[in-house]
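Structural description and commentary
The chain contents come next:
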2 protein chains.
Amino acid sequence: MVKRTQPYVPGEQINEEHILKLNTNENPYPPSPMVAKAIIQEMDKGLHYYPTPTVEKLRQTIAKQNGLTENQVFIGNGSDEVLAFSFMAFFKPSKRIQFPTVTYSFYPVYAKLFDIPYIEVPLNEDFTIQPEAFFNSEGGVILANPNAPTSIYAEIEHIELILQNNSENVVIIDEAYIDFATTSAMTLIEAYPNLVVVQTTSKSRSLAGLRVGYAMGNPSLIEALFRIKDSFNSYTIDRLAIAGALAAFEDENYFKETTSKIITTREVLVEKLKRIGFDILPSQTNFVFITHEKVTAVELYQELKKERILTRHFRDPVIQNHLRVTIGTDEQMHKLMDTIKQIIG
Amino acid sequence: MVKRTQPYVPGEQINEEHILKLNTNENPYPPSPMVAKAIIQEMDKGLHYYPTPTVEKLRQTIAKQNGLTENQVFIGNGSDEVLAFSFMAFFKPSKRIQFPTVTYSFYPVYAKLFDIPYIEVPLNEDFTIQPEAFFNSEGGVILANPNAPTSIYAEIEHIELILQNNSENVVIIDEAYIDFATTSAMTLIEAYPNLVVVQTTSKSRSLAGLRVGYAMGNPSLIEALFRIKDSFNSYTIDRLAIAGALAAFEDENYFKETTSKIITTREVLVEKLKRIGFDILPSQTNFVFITHEKVTAVELYQELKKERILTRHFRDPVIQNHLRVTIGTDEQMHKLMDTIKQIIG
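1. Notes on unusual backbone geometry
In this model, A148 of chain A is joined to P149 of chain A through a cis peptide bond whose omega is 0 degrees. Residue position: P149 of chain A is located in the loop between β5 (141-144) and α5 (156-164). Although it is not a glycine, N136 of chain A sits at a positive phi angle of roughly 50 degrees. Within the secondary structure layout, N136 of chain A lies in the loop between β4 (118-121) and β5. Assessed through its relative accessible area of 61%, N136 of chain A is described here as exposed. You will see that N25 of chain B, though not glycine, has its phi angle at about 55 degrees, which is positive. Mapped onto the secondary structure, N25 of chain B falls in the loop between β1 (20-21) and α1 (33-44).

What follows is the structure, given as C-alpha cells:
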C-alpha cells in the first residue's frame, strides 16, 4: 500500500543538558541579535495571515549581496528542500547523474526517491575530486563544495572545468559550508547557464533552527525550481523564518565576525590536534575530519560520547576511521582537546 | 533541461494597507496570546541549533487531544506538504486515483507532478458527492471534507462507506476546515487502517503564517509518511513553528472561543445574504460559496475588489458563477454586507 524508500539518517539530536554537540555542524554562536527583534516585529503583524509564496524581499536581499537579480534566487525550507526540488526539476529517471562516493549522504537518497539512476565517482586517495571524472555526465552532476564530510574544497577552476564539460546538463554545487572557504561558484553563474549554487543559513548564519536555504542560478533554472515548488507547496517558508533570515543577511558585520572567529578557532584546533598525532584533512568548513593512528575513530567517538561530547562517525568503509568534529567556541574546543588528550593518553 | 509542471495558483496575497482579505480563508482572529510567548521562549534556547526531526512533543499533544498515540500522527510544513508527501507515499503511477471534479485544485497538480493518473468524479447538481462513485477505486481516493470551494460537508456515514469499499487502497480525507463542521473522520482511524486524515493549523488555529499541518492514521501509514519525509528533508518544521503550534493546541479555550465566534458570524451572514437574494451552499467551513441571480460572480468579485475587498473567484465553468468569501469578524462582515448591498443596488 505504501512506497518503499531508504531515508537519510541525520546526526543525533539529543536535547539533554550539558551535552557538547559537535555532531551536526551547527554554529556555536547564536544568530545576530537583529534576528530576534525582526521575528518579534513580524509576530505583531499577525501569524493568522499566510506568508508570501514568492519571498521577494529576502530574494532581493540575497541577490543584491551577491551581485545577482531577484529572478536568479530561489528560497526553500532549508537547503535540503532546495536540493530535493532540484533533483525533481533538473534530473531525469532516464539519465545517470554523477556525484562522489564520499559526499553528503542525502544525494543517493534523493536519487532513489525520484528514481534517478546515478554513478558514484571514487575520490582520489587524498579525498580530493578528479574533475575529469565528472566530465560529460549523462544526466547532470551534484557536488558538495567544500565536500562533506571530508571538509575538502575543490578549486573554482576545477568546478569551472566540470561546468564546461557538462553544457547540456545541470551541475549543482552544494555550498553549505562555503562561507568558511575561499571562493563561491556564484561568480560563475553569469557565464554558465547550467550552474545551480545551493547555500544555507543553517551554518554560517546560525539559523539551523529556522530552516532557510536558497539556490542561485540562471533565471530559467530558478523558474523551474519555482514551478516544482508551486506544484508541491505554495507557502514553504513561514513568516518568522523569512523575517529572521532577512535580519541575518542584513547584519553583515555580525556574520563576518562570527565566521572569522570560527575559522580562527579551526586553525588553532588543527594545529593542536596535529601536535598530538592526528591526521587532519585540509578543512575549509566549520568542521574537521580527523584520524589518529593509535585510536580508531569509532573508539574515539564512543569515548567522547561517554564524556558527553557528541561527534559524528560514518560507517562507510572508506571513511570509517575518520571522525567529523564541528568547530565550536574556543572554550568548547579547549574542553574537546582536554578530553581527547585524556582518551589517547 | 528542466521538468515541465502545471503549478497550483494560490489566492492573491496583497500586502497593501486597508485591504479586507476575504480570499484565502485565513482566520480573522490572531492566534492565542500563548503562541507569541512560546515563540519568544523558544528563541532564547538558540536558533543556531537544528529543530527536532521527529517533532515528538507536538505529535504527542495532537495525539492526546484526539485519543490517538504519537505513532498515529505525522507533522508537515503546512497541510500542503503533508498532502504532497501523501501522494508520494500512497499513490502509484500505475493506478488511477479518484477525487471530485470540483475540489481543492492542488489535487490534480500533485497527481501531474508525481505522474499519478486520476479520474475526476462529477458532483451531484447540488454540489454534494455521490459516495458510490468513489467505491472500488483503482489506486485510492482523496476527498476534501468539508469540500473546498463548495463548503459542503459529506456525512461521516458516507466517508465510512467509501473507506469500506476501498479496503485495498488509501483514502485521504483532507479536513482543513473540519473544526467549523460537525464530525471529523478521525473517529474512524481505529477501524480503518486505510484512512489518512489531514488537518492544518492554518484555519481554525490562526497559524497560516507558521506552516504546520498534520496527518493522522494507522501507524504503518504514518511510518510511510516519515520515510518519504526523511528521504526528502530531515528538518521540515522549524523551532518557532513547533513551539507556536504547540502553544496553540494547548490553549483549547481560545481555540473553541474563536472557532465558535466564526461559526456564529457565518450563520448571521448567511441569513443576511439570503435576505438580499443570494443562494448559498450549506457551509460547514470558515467561508461561504455564494451566487446571485442579478449579478454575476465575476462582476461581484470585481466590484468588491474596487472597494478593496478581496474574495476568490474560480474560472471552472461549473462554479464560475459562485464566489468564495471568507468569514471575518462581525465588523468585517458588516462592511462586506454594506458594500454588497451598494453593488447589487
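Next comes the rest of the account.
2. As for the sheet that holds strand β9 (residues 278-280) of chain A
Residue and element names in this part refer to chain A. Taken in spatial order, the four strands line up as β9-β10-β13-β12 in an open sheet, and their pairing is antiparallel. This sheet does not close on itself; its edge strands, each paired only once, are β9 and β12 (312-313). In this structure, β9 lies alongside strand β10 (residues 287-292), joined through three bridges in antiparallel fashion. Opposite D279, over in β10, you have T291 as the bridge partner. The strands touched by helix α9 (residues 297-306) within the sheet are β9, β10, β12 and β13 (323-326), with β13 carrying the most contacts at an inclination of about 40 degrees.

3. Points about the interface of chain B and chain A
Every contact between the two is made by 72 residues of chain B and, on the other side, 72 residues of chain A. On inspection of chain B and its partner chain A, the count reaches 22 residue pairs in polar contact (both at pLDDT 80 or more). When residues of the side of chain B that touches chain A are traced back to their parent elements, those giving at least two are α1, α3 (79-90), α4 (106-113), α6 (219-230) and α7 (239-250) of chain B. Here the element with the most residues in the side of chain B that touches chain A is α3 of chain B; it accounts for seven residues. For the side of chain B that touches chain A, a count of residues per class yields 41 nonpolar, 18 polar and 13 charged.

4. What to know about the relation of the copies chain B and chain A
The two copies are related by a screw motion: chain B maps onto chain A through a turn of 180 degrees and a shift of 0.0 Å along the axis, at an RMSD of 0.0 Å. On this basis, the relationship between the two copies can be described by a two-fold rotation axis. A share of 100% of interface residues in chain B that are also interface residues in chain A marks the association as one of identical surfaces.

5. Notes on the sheet that holds strand β10 (residues 287-292) of chain B
Across the sheet, which stays open at both edges, the four strands sit in the order β9-β10-β13-β12 (chain B) with antiparallel pairing between neighbours. In this open sheet, the two strands that pair with only one neighbour each are β9 (278-280) and β12 (312-313) of chain B.

6. So, the packing of helix α9 (residues 297-306) of chain B against helix α10 (residues 330-344) of chain B
All names here are of chain B. Packing of α9 against α10 brings their axes to within 10 Å, and their N-to-C directions diverge by 120 degrees. With respect to α10, the element α9 is oriented oblique. By crossing handedness, the relation of α9 to α10 is classed as right-handed. Contacts from L300, E303 and L304 in α9 reach L336, T339, I340 and I343 in α10. For the contact of α9 with α10, a count of residues per class yields five nonpolar, one polar and one charged.

7. Thoughts on the environment of R59 of chain A
All names here are of chain A. Assignment of secondary structure puts R59 in helix α2 (residues 56-65). Residues R59 and Y214 lie 155 residues apart in sequence; the distance between their C-alpha atoms is 8.7 Å. Here R59 is in contact with T54, E70, N71, V73, I75 and F226, once residues within four sequence places are set aside. Separated by 2.9 Å, the side chain of R59 and the backbone oxygen of T54 make a polar contact.

8. Some points on the pairing of strand β7 (residues 195-200) of chain B
Residue and element names in this part refer to chain B. Of all six residues that make up β7, six are buried, and the element is covered over most of its length. Pairing geometry for strand β6 (residues 171-174) and β7, over four bridges, is parallel. Bridging across to β7, I172 finds its partner in V196. Bridging between β7 and strand β8 (residues 213-217) involves five bridges; their strand directions are antiparallel. Across the sheet, residue V196 finds its bridge partner in β8, namely G217.

9. Details of helix α2 (residues 56-65) of chain B
Structurally, the α-helix is built with 3.6 residues per turn, so residues lying three or four positions apart point the same way. Residues and elements named next belong to chain B. Where α2 is concerned, the buried positions are L58, R59, T61, I62 and A63. Elements in contact with the buried residues of α2: β2 (73-76), β8, α6 and α7. One or two positions beyond α2, positive phi appears at G67, with a value near 65 degrees.

10. Looking at helix α8 (residues 252-275) of chain B
Residues and elements named next belong to chain B. When the terminal C-alpha atoms of α8 are compared, their 35 Å separation across 24 residues agrees well with the 34 Å that a helix rising 1.5 Å per residue should span. Considered for burial, the residues of α8 that qualify are F255, T258, T259, I262, T265, R266, L269, V270 and L273. In this structure, the buried side of α8 is in contact with β9, β10 and α10. One or two steps after α8, the chain reaches G277, where phi turns positive at roughly 95 degrees.

11. A look at the pairing of β10 of chain A
Residues and elements named next belong to chain A. For β10, the buried fraction is high: six of the six residues fall into the buried class. Residues of β10 alternate between two faces, with F287, F289 and T291 on one and V288, I290 and H292 on the opposite face, all of them buried. What sits between β9 and β10 in their antiparallel hairpin is a turn of six residues. Bridge count for β10 against β13 is four bridges, and the pairing is antiparallel. Within β13, the residue paired with F289 across the bridge is R324.

12. Details of the pattern of salt bridges
Between side chains of opposite charge, pairing is possible as soon as their charged atoms come close. Scanning the entire structure with this criterion turns up 18 salt bridges over all chains. R239 of chain A is the partner of E42 of chain A in a salt bridge, and the nearest nitrogen-oxygen pair spans 2.7 Å. Here R239 of chain A lies in helix α7 (residues 239-250) and E42 of chain A lies in helix α1 (residues 33-44), a separation of 197 residues in the sequence. Note on R239 of chain A: relative accessible area 12%, which makes it buried. Among the salt bridges present, the one from E223 of chain B reaches R227 of chain B, with a minimum N-O distance of 3.1 Å. Here the residue E223 of chain B and the residue R227 of chain B both occupy positions in helix α6, the gap between them amounting to four residues, near one helical turn.

13. Quick look at the side chain of S204 of chain B
Residues and elements named next belong to chain B. Secondary-structure assignment places S204 in the loop between β7 and β8. Side-chain polar atoms of S204 contact the side chain of D179, separated by 2.5 Å. Among residues more than four places away in sequence, those in contact with S204 are N27, D179, F180, F255, T258 and T259.

Cut-offs applied
Residues numbered from 1 in each chain as written. Chains lettered and ligands numbered in written order. Predicted model: local features only at pLDDT ≥ 70, side-chain atom pairs only at ≥ 80, totals over all residues. Heavy atoms only, no water. Helix = DSSP H or I, 4+ residues; strand = E, 2+ residues; numbered from the N terminus. Buried < 20%, exposed > 50% of the residue type's maximum accessible area, 1.4 Å probe, protein only. Pairing = 2+ DSSP bridges. Contact = heavy atoms within 4.5 Å. Axes fitted to C-alpha atoms, helices over the stretch in contact; angles between N-to-C directions. Polar contact = N/O pair within 3.5 Å; in protein donor to acceptor, adjacent residues only side chain to side chain. Nonpolar A, V, L, I, M, F, W, Y, C, P; charged D, E, K, R; others polar. Least-squares fit on C-alpha atoms with pLDDT ≥ 70 in both. Parallel < 35°, antiparallel > 145°, perpendicular 65-115°, else oblique. Left-handed = near helix turned anticlockwise from the far one by under 90°. Expected span 1.5 Å × (residues − 1). Salt bridge = Lys/Arg side-chain N within 4 Å of Asp/Glu carboxyl O.

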